[in-house]
Amino acid sequence: MKFFTFISILGAIILSCDASHYLLEKRATEVSVGSYALTNDILAGSIMIQNIAFAKAVTVIYAVGSTWSDNQRLSASCSSGPATNGYETWTFSGTATGATQFYIKYDVSGTSYYDPGNDVNHQISTPSPTKTSSGCTVTVTTTIALGLMPRMNDVNNIY
């Protein structure tokens, strides 16, 4: 019972923290998200990719809730580079109504690289409606890091 209580408290602490403070385990160093934001259903951001070859494609694949669909993709385009470190900056922007999570796919020279990879996705936090009371304005942002939560079969095995 004490172990379960500790797990419950730990889960509450993790849920109360901003997921951006956790380092996501990556599959590859060839691609990484620089920044992103979802504003008025527009998902936009920047991506750093290693300049491996001239011909390449960079795609943002997003989910609405936990539903992934082939039409939930945004193409990125090169905005600068390559820099002296061999990386290019790519940007993306497009309508992504209801997007809750995404990952980046970088196709080059017959190989695909992913950010962040390992079945963990970038979680999109969305601001809750702003509430005004007694002249004060409060905006609450909710972030749920699904990739950090234990799987149900892991929880069942702790008893």
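Read on for a plain summary of the structure. (Residues numbered from 1 in each chain as written. Predicted model: local features only at pLDDT ≥ 70, side-chain atom pairs only at ≥ 80, totals over all residues. Heavy atoms only, no water.)

### A few points about the overall build of the protein chain
Here is step 1 of the chain: If you tally the helices and strands in the protein chain, you get two helices and 13 strands.
Here is step 2 of the chain: Long-range contacts, defined as pairs at least 24 residues apart, comprise 58% of the intrachain contacts of the protein chain with a sequence gap of at least 6. (Helix = DSSP H or I, 4+ residues; strand = E, 2+ residues; numbered from the N terminus. Contact = heavy atoms within 4.5 Å.)

### Digging into the packing of aromatic side chains
Here is step 1 of the chain: In this structure the tally under the stated criterion is five aromatic pairs.
Here is step 2 of the chain: With a centroid separation of 6.3 Å and an interplanar angle of 55°, the aromatic rings of Phe-92 and Phe-102 are classed as tilted. Of the two residues, Phe-92 is situated in strand S6 (residues 87-95) and Phe-102 in strand S7 (residues 99-108); the sequence distance between them amounts to ten residues.
Here is step 3 of the chain: Ring pairing ties together the aromatic residues Tyr-36, Phe-92 and Phe-102, which thus form one cluster. (Phe/Tyr/Trp six-rings, centres within 6.5 Å; stacked < 30°, edge-to-face > 60°.)

### A few points about the pattern of salt bridges
Two side chains carrying opposite charge are able to pair once their charged atoms lie near each other.
Here is step 1 of the chain: Summed over the entire model, instances satisfying the criterion amount to two salt bridges.
Here is step 2 of the chain: A salt bridge links Lys-56 to Glu-88; the shortest N-O distance between them is 3.0 Å. Within this pair, whereas Lys-56 is found in strand S3 (residues 56-64), its partner Glu-88 is found in strand S6, the two being separated by 32 residues in sequence. Like Lys-56, the residue Glu-88 is buried in the burial classification.
Here is step 3 of the chain: For Asp-107, the salt bridge identified is with Lys-105, shortest N-O distance 3.9 Å.
Here is step 4 of the chain: Residue Asp-107 is classed as partly exposed on the basis of its relative accessible area, which comes to 26%. (Salt bridge = Lys/Arg side-chain N within 4 Å of Asp/Glu carboxyl O. Buried < 20%, exposed > 50% of the residue type's maximum accessible area, 1.4 Å probe, protein only.)

### Considering the environment of Gln-123
Here is step 1 of the chain: Looking at the element boundaries, Gln-123 is found in strand S9 (residues 122-123).
Here is step 2 of the chain: Each C-alpha atom, one on Gln-123 and one on Thr-100, is 6.1 Å from the other, the two residues being 23 residues apart in sequence.
Here is step 3 of the chain: In this structure the side chain of Gln-123 is engaged in a polar contact, spanning 3.3 Å, whose partner is the backbone oxygen of Asn-121. (Polar contact = N/O pair within 3.5 Å; in protein donor to acceptor, adjacent residues only side chain to side chain.)

### Quick notes on the sheet that holds S6
Here is step 1 of the chain: The sheet built from four strands is open, its strands ordered S1-S2-S6-S5 with antiparallel pairing. Strands with a single pairing partner mark the edges of an open sheet, and in this sheet they are strand S1 (31-39) and strand S5 (77-80). This sheet shows a mean twist of 25° between the axes of neighbouring strands, independent of strand direction.
Here is step 2 of the chain: Relative to S6, S5 runs antiparallel, the two sharing three bridges. Its bridge partner being in S6, Ser-80 is matched across the sheet by Thr-89. (Pairing = 2+ DSSP bridges. Axes fitted to C-alpha atoms, helices over the stretch in contact; angles between N-to-C directions.)

### A short note on the nonpolar core
Here is step 1 of the chain: Grouped together as the largest cluster of nonpolar side chains are 21 residues, with contacts concentrated most on Leu-43, Ile-47, Val-58, Val-60, Phe-102 and Ile-104.
Here is step 2 of the chain: A total of five residues in this core trace back to one element, the largest contributor, which is S7.
Here is step 3 of the chain: If we ignore the near neighbours within four places in the chain, the residues touching Ile-47 are Val-31, Ser-32, Val-33, Gly-34, Val-58, Val-60, Ala-76, Glu-88, Thr-89, Trp-90, Phe-92 and Ile-104. (Core = buried A, V, L, I, M, F, W, Y, C linked by side-chain atoms within 4.5 Å.)

### Some words on the pairing of S7
On any regular strand, side chains alternate: one points to one face of the sheet, the next to the other face.
Here is step 1 of the chain: Where S3 and S7 come together, nine bridges link them in antiparallel fashion. Within S7, the position partnered with Val-64 by the bridge is Ala-99.
Here is step 2 of the chain: Of the strand pairs in this sheet, S7 and S9 are connected by two bridges, and their pairing is antiparallel. Note on S9: the bridge partner recorded for Phe-102 is His-122.
Here is step 3 of the chain: With five bridges connecting them, S7 and strand S8 (residues 111-115) associate as antiparallel partners. Across the sheet, residue Tyr-106 finds its bridge partner in S8, namely Tyr-113.
Here is step 4 of the chain: The antiparallel hairpin formed by S7 and S8 contains two residues in its connecting segment, where Ser-109 sits at a positive phi of about 50°.

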